[in-house]
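Chain residues, written in single-letter form:
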Amino acid sequence: MSKHILIVEDEESIVTLLKYNFEKNGFQVSIAMDGKTAYHKAVHGKFDLIVLDLMLPEMDGLEVCKQLRQSKIVTPILMLTAKEEEFDKVIGLELGADDYLTKPFSPREVIARIRAILRRVHNDKEIVEKVKAPLFKITIGDLEIYPENHEIYLKGKSIELTQKEYELILYLANHQDKVLTRDQMLNAIWNFDFVGDTRIVDVHISHLREKIEAETKKPEYIKTIRGFGYKLEAPVTHEELS
C-alpha cells in the first residue's frame, strides 16, 4: 500500500516538482498551500508524512507544527526552510519536526529523507509490537518508562514529554549505563547528521533534566561525560553510599 504524503507549500513551482517526484516514486499526494488548510487536513485526514514549508500564509510552518503536536498528531514532519539561521532549525525540531531540509534542495535528497523517516517509524512500530507483556516497563531508579503507550512516571507521577524528549530518554534507557555520543543520539533520534552541530541534543537533554532531575545542576539520572556525551543511570542510594 502506497504511503500518503501531505505537501504544505505555497510556491506552485515547488509543489509541482515535489508532487511529480513523489508520485513517480510511488507515493500518494495531497496538497495544502497555507497553514490553516494544512492543519485542518492533517487533523482530519490520515497521512504517513507531512512535508511542511516554514514560510506560509495564514499560519507559518512552526505554528502548524506546534499546534499539530499539541493536538497529539504524531505524523512525521519534514520541514522545509529557505533560512540558514541555526535558530530556525533548532526551534523547528524542538516543536516536533522530525527532520529539515534547507532550500534549494534536490528531489532525490527529499525522497531519501522521507524514506529514512518512514523506515524509522516502521522500525519503532515493530519494536512496540514485539513487546508482548501488557505492562512492560523499563525501571531506572524512580523512573518508570512504558514503551507501549509512550508514558513515563517519576515516583508514580506522570511526566509530560514531547515526542522527541520521549524518544531520547527511551534511547538512553535502552542503553542504560552506557555512554552515548551526541552524534549517536542525533542519528538515532533525528536520523540525520548535523555535521558537528550537536546543540539540538544538548537542548533536549536540558529539557529532560528540568522534568526529571531534582537539581538540574547536579543531575542524578542523566550524567554528562565530558568529552564524550551522556549516559542514563539509576541514582546512587543512601544504602549504596554507606
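What you see is a predicted model; the values in this text were computed from it and never measured.

Caption draft 1: Inspection of the side chain of Lys231 at higher detail. Structurally, Lys231 can be placed in strand E12 (residues 229–232). Judged by its relative accessible area of 19%, Lys231 is buried. For Lys231, the side chain forms a polar contact with the side chain of Glu233, separated by 3.3 Å. If we skip the residues at most four places from it in the chain, Lys231 touches Asp177, Lys178, Val179, Tyr221, Ile222, Lys223 and Ile225.

Caption draft 2: A look at the packing of aromatic side chains. Here the structure, examined in full by the defined rule, presents 2 aromatic pairs. Consider the rings of Phe22 and Phe27, whose centres lie 6.2 Å apart with planes at 80°: the pair is edge-to-face. Neither Phe22 nor Phe27 differs from the other in exposure class; each is buried.

Caption draft 3: The sheet that holds strand E4 (residues 77–81), seen in detail. Strand order in the open sheet formed by 5 strands is E2-E1-E3-E4-E5, with parallel pairing between adjacent strands. Strands at the two margins of the open sheet, each flanked by one partner only, are strand E2 (28–32) and strand E5 (99–102). For this sheet, the mean angle separating the axes of adjacent strands, direction not counted, is 20°. Pairing between strand E3 (residues 49–53) and E4: 4 bridges, direction parallel. Of the residues in E4, the one forming a bridge with Ile50 is Ile77. The strands that helix H3 (residues 61–70) touches are E3 and E4; relative to E4, the one it contacts most, it runs at about 165°.

Basis of the calculations
- In every chain, residue numbers begin from 1 and rise along the written sequence.
- Local features in this predicted model are restricted to residues whose pLDDT is 70 or higher, and side-chain atom pairs enter the listing and the counts only when it is 80 or higher, whereas totals over whole chains, interfaces and linings include all residues.
- Note that the side-chain values use all heavy atoms of the structure and ignore hydrogens as well as water.
- By definition, any uninterrupted DSSP run of H or I lasting at least four residues is a helix, any uninterrupted run of E lasting at least two residues is a strand, and each is numbered from the N terminus.
- Only protein chains enter the accessibility calculation, which uses a 1.4 Å probe; a residue whose area is less than 20% of its type maximum is buried, one above 50% is exposed, and one in between is partly exposed.
- By the criterion applied in these results, polar contacts are pairs of N or O atoms within 3.5 Å in which, for protein atoms, one can donate a hydrogen and the other can accept it, and in which residues neighboring in sequence qualify only through two side-chain atoms.
- Every residue pair with non-hydrogen atoms within 4.5 Å of one another is taken to be in contact.
- The criterion for an aromatic pair is that two Phe, Tyr or Trp rings (for Trp, the six-membered ring) have centres within 6.5 Å, with stacked assigned to planes under 30 degrees apart, edge-to-face to planes over 60 apart and tilted to the rest.
- Pairing between strands is defined by DSSP: at least two bridges between the two strands are required.
- Between N-to-C directions, angles span 0 to 180 degrees; the directions come from axes that are lines fitted to C-alpha atoms, helices contributing only their stretch in contact.

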